[in-house]
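Coordinate analysis (summary)
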Amino acid sequence: MTLVPVTSHRPAAHRATPRFRDRAVAAHHLLLTVAGFGLLVGATFLLGPVRTDRLATAAAYLCVTAGLTVLVGTAGQLSLGHGALMATGAYTVALLQDSYGQRGPWVLPLAVAAGVLVTIGVGAVLGFAAARPRGPYLAGVTLAVALAVPVVTTLAAGVLGGDRGLPVYPGPPPGPPARASAWLALAAAAATLFVLANLLTSRVGREFRAVRDDEVAAGLAGIPGARTRVLAFVVSAACAGLGGALLAVLDGSVSPGGFAPTLSLALLLAVVIGGAGSLAGAVWAAVLLVLLPDAGRALAAALPVGAETAGRLAEALPLAALGLGALVVVLAVPGGLQGLLGRRHRGRPRRREGGPA
Amino acid sequence: MDHLVLLTLDGLARGAVYAAFGLALVLTWRGTRVVNFAQGALAVACAYVAHTVAAVTGSYWVGLAAAVGSGVVLGALTERLLRRARARPVDAVIAAVGLVLVIRAVLVTLYGTDVRPVGAPFARAPLTVAGVELVSPDALFAAGTVLAVTLLLLLFHRTGTGLAMRAVASAPEVARLLGVRAGRVAALGWALAGAVGAVAGVLALPAGPGLHPAALDLVFVAGFTAAVLGGLDRPLGAVVGGLAVGLVLSYAGAAAAPVAAGVLLVAAGVLRPAGLFPAART
């Protein structure tokens, strides 16, 4: 059991710790974020339309995986239903754009923000329900929610469009410039990373870790366990809602097939493979989620098999890679990809933020 | 009125399957403090084995026996695989989810994602009980799971092996000191759970949409709900919980079943937070 460095055992002193422990740390995060954002926006001018689309999709997934890695690695909670939270954000954007989208191009960012808010509401309900029961209860509840997505869209087919889903209105003519949605996704991902990086180094991040490691000790230090767990879930839900809303904008449509239960499982496993608790690991996870389907298709096409088997393999290979990868990480490589890289670069074991011990 | 009776009977029949799944989860939880999130995927794999063996041999019953056998083997193998991840509950669930995707990948490669119709051992001629028509597969899976549940309860409470399993569940250290081979008992529990899940899966499928790699996802969530409602530590609680979940889902209607299961779980978490998962005794 690892004990977190709490500044003092006295609650008063703990409360006195500033939210951003060190302004230099926050400035460092800001510099990294702005530099990365500028670099990638520049890249959108050099890459072709397909690659720009992949980059933007990875940025949208990064919002989700960054929130999930904080939930799993830092707060020690499991969600098997982040795909459903993404669907919440995505459908909110589709509905709002349908009603108000023609008023102007400025509605789209507001619709995305509204998608985040609605997802926060859903996340708060789930987080509250799961705050007090122990054990893998949250995993079961979120799995049920993931299974409910196609059912809800079918039951409310009049509003949500059933199996066929809804189109996402891009904005009034002439429509947004070609790369605008990619820039929106990159900006949102950069903002998400900046906020989460500061959150992790702030008091809130230390509270997440303290409750994860030892709830009784955390309680003695004045940190309420249930409230901290709900907060962690709501933060990650907000990120998932943002990612889902961005995907809706990028794809131009939403449908239940895009948010199948398998997506929720894949998100969790990708985060674990990247390195749970590490934001750099979340980048790995987002890249994996975008590249694995392409890699699966390419590999299946290259193998000397019939067309039907190739189709099956194209679907099965990404699942197998994620499943086997996560098993290997949990059983043999705690810290995931990022843990491995960190060790190699520094020549000594990296202090893990919360990879599986 | 007849409709209500029919829904109730249907709910109890479904509930028997959920009870069996819940029971399988209780078995693994009691022995190792792990909720096996791969239970549904393991049962689907066993159902595919049953499907293939039945198609080759032409006998439903040989297929069912093969499913039970593969359930025992897969259950024991899963226990072996997850043994190293058991120190942290989060890791055990992640490993189980990883296993779910691996199993799904294997099934998709071998069988594709098409829904396959599955046979029932008897003709689908309606069986009349007290003036109400019962479709025979429902009656069959109710009878099959009741039998499985009864056998398990007898095993728990009337045999030495059952005593050892209960001892390991309630006080693992003491049980070890008294000479119980805790590792073997845990593996046995997982193997039994695999067999129960396989039987429940094979029997439940004819009433569902058919066989495909995600066919038992909802059944797993319903079984999890059943186990949670029952307290996760009590086999009889899982049975009662399973019947209750079956009734609720039947009244809610097949279309809304996953939503109803989610609402039940959330309600259980808000209303009975403390009694749901008794902390592991160390």
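This one's a predicted model, so the numbers in the text were calculated from it and none came from an experiment.

We now examine the overall build of chain A. Check the secondary structure of chain A and you find 15 helices and 2 strands. When burial is assessed residue by residue, chain A has 54% of its 357 residues classed as buried. Here the contacts in chain A between residues at least 6 apart in sequence split such that 79% fall between residues at least 24 apart. For chain A, the accessible area works out to roughly 15,600 Å², and carbon and sulfur atoms hold 68% of it.

Another point: the overall build of chain B. For chain B, the count of helices and strands is 12 helices and 2 strands. When the helices and strands of chain B are read in sequence order from the N terminus, they spell out α-α-α-α-β-β-α-α-α-α-α-α-α-α. Taking all 282 residues of chain B together, 54% fall into the buried category. Of the contacts made within chain B by residues no fewer than 6 positions apart, 75% connect residues no fewer than 24 positions apart. By element, 70% of the accessible surface of chain B is carried by carbon and sulfur atoms, the whole surface being about 11,400 Å².

Counting residues at the interface gives 43 residues for chain A, matched by 45 residues for chain B. Taken together, the two surfaces of chain A and chain B that pack against each other cover about 3,700 Å², and 80% of this comes from carbon and sulfur. Applying the counting criterion to the chain A and chain B interface returns 0 salt bridges. Linking chain A to chain B there are 5 residue pairs in polar contact (both at pLDDT 80 or more). Looking at the side of chain A that touches chain B, the elements that each hand over two or more residues are helix H5 (107-130), helix H6 (137-155), helix H12 (261-275) and helix H14 (307-331) of chain A. Among the elements that line the side of chain A that touches chain B, the one with the most residues is H14(A), at 12 residues. The residue makeup of the side of chain A that touches chain B, split by class, is 34 nonpolar, 5 polar and 4 charged.

Residues and elements named next belong to chain A. In the predicted model, chain A carries a mean pLDDT of 85, and 88% of its residues have values of at least 70. Considering only residues more than four positions removed or in separate chains, one finds that residues 6-14, a stretch of pLDDT under 50, has 13 contacts. In this model residues 347-357 is a low-confidence stretch, pLDDT under 50, and it forms 26 contacts with partners more than four residues away in sequence or in other chains.

Here we take up the packing of aromatic side chains. All names here are of chain A. Going through the model one piece at a time under the given rule, you end up with 6 aromatic pairs over all chains. Between Phe45 and Trp183, the aromatic rings sit 5.7 Å apart at their centres with planes inclined by 40 degrees, giving tilted as the arrangement. In this pair, Phe45 sits in helix H2 (residues 23-46) while Trp183 sits in helix H8 (residues 180-201), placing the two residues 138 residues apart along the sequence. On the basis of relative accessible area, Trp183 is assigned to the partly exposed category, the value being 27%.

What follows is about the pattern of salt bridges. Opposite charge on two side chains makes pairing possible when the charged atoms of those side chains draw close. Residues and elements named next belong to chain A. What the rule picks out here adds up to 10 salt bridges over all chains. Among the salt bridges present, the one from Glu207 reaches Arg203, with a minimum N-O distance of 3.3 Å. With Glu207 and Arg203 both in helix H9 (residues 203-213) and 4 residues apart, the pair spans about one turn of that helix. Since its relative accessible area comes to 9%, Glu207 is described here as buried.

This part is about a nonpolar patch on the surface. Residue and element names in this part refer to chain A. There is a patch of nonpolar side chains on the surface, built from Trp284, Leu337, Leu340 and Leu341 and spanning about 290 Å² of accessible area. Among the elements that take part in the nonpolar patch, helix H15 (residues 336-346) stands out by supplying 3 residues, more than any other. Relative to the assigned elements, Leu340 resides in helix H15.

Let us look at the nonpolar core. Core analysis: the biggest nonpolar cluster contains 184 residues, and A:Tyr61, A:Met86, B:Phe37 and B:Ile94 have the highest contact counts within it. The biggest single contributor to this core is helix H4 (residues 89-111) of chain B, with 16 residues.

Let us now look at the packing of helix H13 (residues 279-302) of chain A against H14(A). All names here are of chain A. Here H13 crosses H14 at 135 degrees, and the two axes come no closer than 8 Å. When the axes of H13 and H14 are compared, the pair comes out oblique. Our pair here, H13 against H14, has a crossing hand that is right-handed. In this structure, H13 uses Leu292, Pro293, Gly296, Arg297, Leu299 and Ala300 to contact H14, whose residues at the interface are Ala310, Leu313, Ala314, Leu317, Pro318, Ala321 and Leu322. A breakdown of the residues in the contact of H13 with H14 according to their chemical character gives 11 nonpolar, 1 polar and 1 charged.

The subject of this paragraph is the environment of B:Ala105. Relative to the elements of secondary structure, B:Ala105 occurs in helix H4. Sequence separation of B:Ala105 and B:Pro213 is 108 residues, and the distance between their C-alpha atoms is 8.7 Å. Setting aside its immediate chain neighbours within four residues, B:Ala105 contacts A:Ala316, A:Leu319 and A:Ala320.

This part covers the side chain of B:Arg30. Of note, B:Arg30 is situated in helix H1 (residues 2-32). With residues up to four places along the chain from it excluded, the contact list for B:Arg30 reads B:Phe156, B:Arg166, B:Ala169, B:Asp233 and B:Pro235.

The next subject is H12(A). Spacing of three or four residues puts side chains on the same side of an α-helix, whose turn is 3.6 residues. Residues and elements named next belong to chain A. With 15 residues, H12 should reach 21 Å at 1.5 Å per residue; the first-to-last C-alpha distance of 22 Å fits that figure. Where burial is concerned, most of H12 is hidden: 14 out of the 15 residues are buried. Directly beyond the C-terminal end of H12, a positive phi value near 95 degrees is found at Gly277.

Residue and element names in this part refer to chain B. Per-residue pLDDT for chain B has a mean of 81; in total, 86% of the residues score no lower than 70. Mean pLDDT values for the elements of chain B range from 51 in helix H12 (residues 273-276) up to 92 in H4. Note that pLDDT drops below 50 for residues 275-282; the model gives that stretch 25 contacts with residues more than four away or on any other chain. Quick note on the complex model: pTM equals 0.87, ipTM equals 0.86.

Here the focus is H8(A). Residue and element names in this part refer to chain A. Counted at 1.5 Å a residue, the expected span for H8 with its 22 residues is 32 Å, and the 32 Å between its end C-alpha atoms agrees. Three or more residues of H8 are buried, namely Ala182, Ala185, Leu186, Ala188, Ala189, Ala190, Thr192, Leu196, Ala197, Asn198, Leu199 and Leu200. In this structure, the buried side of H8 is in contact with H2, helix H3 (49-74), H9, helix H11 (225-251) and H13.

Right, let's talk about the packing of H6(A) against helix H9 (residues 217-230) of chain B for a bit. Helix packing geometry: the angle between the two helix axes and the distance between the axes. Their axes nearest at 10 Å, the elements H6(A) and H9(B) cross at an angle of 145 degrees. Like other packed secondary-structure pairs, H6(A) and H9(B) cross with a definite hand, here left-handed. Residues A:Tyr137, A:Gly140, A:Val141, A:Leu143, A:Ala144 and A:Leu147 of H6(A) form the contact with H9(B), whose participating residues are B:Asp217, B:Leu218, B:Phe220, B:Val221, B:Phe224 and B:Val228. Tallied by class, residues from the contact of H6(A) with H9(B) come to 10 nonpolar, 1 polar and 1 charged.

Calculation notes
Residues numbered from 1 in each chain as written. Chains lettered and ligands numbered in written order. Predicted model: local features only at pLDDT ≥ 70, side-chain atom pairs only at ≥ 80, totals over all residues. Heavy atoms only, no water. Helix = DSSP H or I, 4+ residues; strand = E, 2+ residues; numbered from the N terminus. Buried < 20%, exposed > 50% of the residue type's maximum accessible area, 1.4 Å probe, protein only. Contact = heavy atoms within 4.5 Å. Areas by Shrake-Rupley, 256 points an atom, 1.4 Å probe, with all protein chains shown as cover. Buried area = accessible area lost by both parts, 1.4 Å probe. Salt bridge = Lys/Arg side-chain N within 4 Å of Asp/Glu carboxyl O. Polar contact = N/O pair within 3.5 Å; in protein donor to acceptor, adjacent residues only side chain to side chain. Nonpolar A, V, L, I, M, F, W, Y, C, P; charged D, E, K, R; others polar. pLDDT = per-residue confidence, 0-100. Phe/Tyr/Trp six-rings, centres within 6.5 Å; stacked < 30°, edge-to-face > 60°. Patch = residues over 30% accessible without salt bridge, like charges linked within 9 Å, V, L, I, M, F, W, Y side chains within 5 Å. Core = buried A, V, L, I, M, F, W, Y, C linked by side-chain atoms within 4.5 Å. Axes fitted to C-alpha atoms, helices over the stretch in contact; angles between N-to-C directions. Parallel < 35°, antiparallel > 145°, perpendicular 65-115°, else oblique. Left-handed = near helix turned anticlockwise from the far one by under 90°. Expected span 1.5 Å × (residues − 1).

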